[in-house]
Amino acid sequence: MTGEELRNRYTERISHFREAVQRQNKRINLLSLARLLTLVGFIWLLVLSIRSGDILFIVLTSLMLVLFISLISIYNGQQGLRELFRQLLKLNETELACSDHDFHDLPDGSEHADTAHQWSHDLDMFGAGSLYQYLNRTCTPGGSRKLAGLLCSEAGSAEEILDRQKKILDLRGRIEFRQHFTATGVLIKEKPDDLRDFSRWLKSTAYIEKYPWLFYLALLMSLVSVFFIVKVILDPSRFLQLLYPLMFNLMVLSPFLLRTQKYQESISRKHALLEGYARLLRLIAGESFQHPELQENSIKARDGMSKVRRLSKLVQLFDQRLNMLLGAFLNGLFLFDFIMLHLLERWKRKNQADIQEWIGICSRTDAQILSLIHISEP
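These remarks concern the structure in this document. (Residues numbered from 1 in each chain as written. Predicted model: local features only at pLDDT ≥ 70, side-chain atom pairs only at ≥ 80, totals over all residues. Heavy atoms only, no water.)

Considering the packing of aromatic side chains
Point 1. For the structure on display, the rule yields 16 aromatic pairs.
Point 2. Where Trp201 meets Tyr263, the ring centres are 6.4 Å apart and the plane angle is 70 degrees; that geometry is what we call edge-to-face. Of this pair, Trp201 sits in helix H7 (residues 194-203) while Tyr263 sits in helix H10 (residues 257-265), placing them 62 residues apart in sequence.
Point 3. For Trp201, a relative accessible area of 0% translates into the label buried.
Point 4. In this structure Tyr263 comes out as buried when scored by relative accessible area, which is 8%.
Point 5. Site record: aromatic cluster; members linked through ring pairs are Phe198, Trp201, Tyr263 and Phe318. (Phe/Tyr/Trp six-rings, centres within 6.5 Å; stacked < 30°, edge-to-face > 60°. Helix = DSSP H or I, 4+ residues; strand = E, 2+ residues; numbered from the N terminus. Buried < 20%, exposed > 50% of the residue type's maximum accessible area, 1.4 Å probe, protein only.)

Examining the packing of helix H1 (residues 3-52) against helix H6 (residues 175-188)
Helix-helix packing is characterised by the crossing angle of the two axes and by the distance between the axes.
Point 1. It is the contact of H1 with H6, at a shortest axis distance of 14 Å, that shows an interaxial angle of 55 degrees. By the angle between their directions, the pair H1 and H6 is classed as oblique. Like other packed secondary-structure pairs, H1 and H6 cross with a definite hand, here right-handed. When H1 is examined against H6, the residues Arg9, Tyr10, Arg13 and Phe17 are found in contact with a partner set consisting of Ile175, Glu176, Arg178 and Gln179. (Axes fitted to C-alpha atoms, helices over the stretch in contact; angles between N-to-C directions. Parallel < 35°, antiparallel > 145°, perpendicular 65-115°, else oblique. Left-handed = near helix turned anticlockwise from the far one by under 90°. Contact = heavy atoms within 4.5 Å.)

Points about the environment of Lys203
Point 1. Tracing the backbone shows Lys203 in helix H7.
Point 2. Residue class for Lys203 comes out exposed when judged on its relative accessible area of 68%.
Point 3. As for Lys203 and Asp105, which are separated by 98 residues in sequence, their C-alpha atoms are 38 Å apart.

Comments concerning the side chain of Asp197
Point 1. Here Asp197 is to be found in helix H7.
Point 2. Of the residues examined, Asp197 reaches a relative accessible area of 17% and is grouped as buried.
Point 3. There is a polar contact of 2.7 Å between the side chain of Asp197 and the side chain of Arg200.
Point 4. Beyond its immediate chain neighbours, meaning those up to four positions away, Asp197 contacts Ser266 and Lys270. (Polar contact = N/O pair within 3.5 Å; in protein donor to acceptor, adjacent residues only side chain to side chain.)

Focus on the pattern of salt bridges
Point 1. Applying the stated criterion to the full structure yields 23 salt bridges.
Point 2. Two residues, Lys167 and Glu293, come together in a salt bridge whose shortest N-O distance is 2.9 Å. Pair noted here: Lys167 is in helix H5 (residues 158-172) and Glu293 is in helix H12 (residues 292-318), with a separation of 126 residues, a long-range link.
Point 3. What makes Lys167 buried here is its relative accessible area of 10%.
Point 4. Taking relative accessible area as the criterion, Glu293 reaches 26% and is therefore assigned partly exposed.
Point 5. In this structure, Glu209 engages Arg349 in a salt bridge whose closest nitrogen and oxygen atoms are separated by 2.7 Å. In this pair, Glu209 sits in the loop between H7 and helix H8 (213-234) while Arg349 sits in helix H14 (residues 336-368), placing the two residues 140 residues apart along the sequence. (Salt bridge = Lys/Arg side-chain N within 4 Å of Asp/Glu carboxyl O.)

Function cannot be inferred from these measures alone, as they are strictly geometric.
Laid out in structure tokens, this is it:
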């Protein structure tokens, strides 16, 4: 493919994704209107249900609430898709500009420059107008560091050089995969310290491992709380009986609160990061590569994507304790902290040896997705 043909291809993709963003805008506006109408309908039916006590209105109110929650989920999904399309549009606009050698607004990798390195500084590997700035299309901090390392290291043999080239050639014609991977990675909005915090969490050990009986106590007290909740539902005058499990649970939790808080600091609010890496793994798993190492990465990613996503869901659920009212309710009645620590530590025991490898697969793939302006597309 000639340079002109490549520019035409990027121009076509720009037009395609611009139209996709416009379609998503219309779809999101319709969903916003539907959410509003559903909310109004729910409130109206709720008032009718309270006034009349008719079972039909109660059922319709419940259905309207389910519809409203479903629309919120759909709306959020469509917003995420719009952001992906916007990023894909931006990527192709960037590639079109780079095809005319306008790449000086891209990250130049100055943070990787090392004047003590024996040759990378002399060859202008990093900085404005550098080779790194021209080639780099990484979307994660790990991928950026990996690419910098590849540029600053010598291949051990001619075979290793050829092997690197074969990997890049395997990725060369996969424009959909490359751009979706990069767009997905950019949307993670990973901070430099995120994986450092996560690594610290992997190395830590929760007190639940030393006192496993706390988990079984939490299960027991959850059953007790459910028993009292059912009693209150049947007879609201017994509402104060909920204070029995509440006071007991808070008394049991109090000696562990500071340790739980310290444990959470490394993993708190990391669910978006983990969900993003799960998406990257899913993209790698869904691709049929030719190179043996890339094939192996795809197989490993297939195993990792669901497990990383499960961890993301656990972390997101654990973060609910940060909500003062919800956290007090969950811990006061169900000893929520003990249950979540048990589930998180169990996930860690099963997957600790593999999680760094799954993230490493994403970083290596990220580093191998270079600017292909100088390489003919098939």
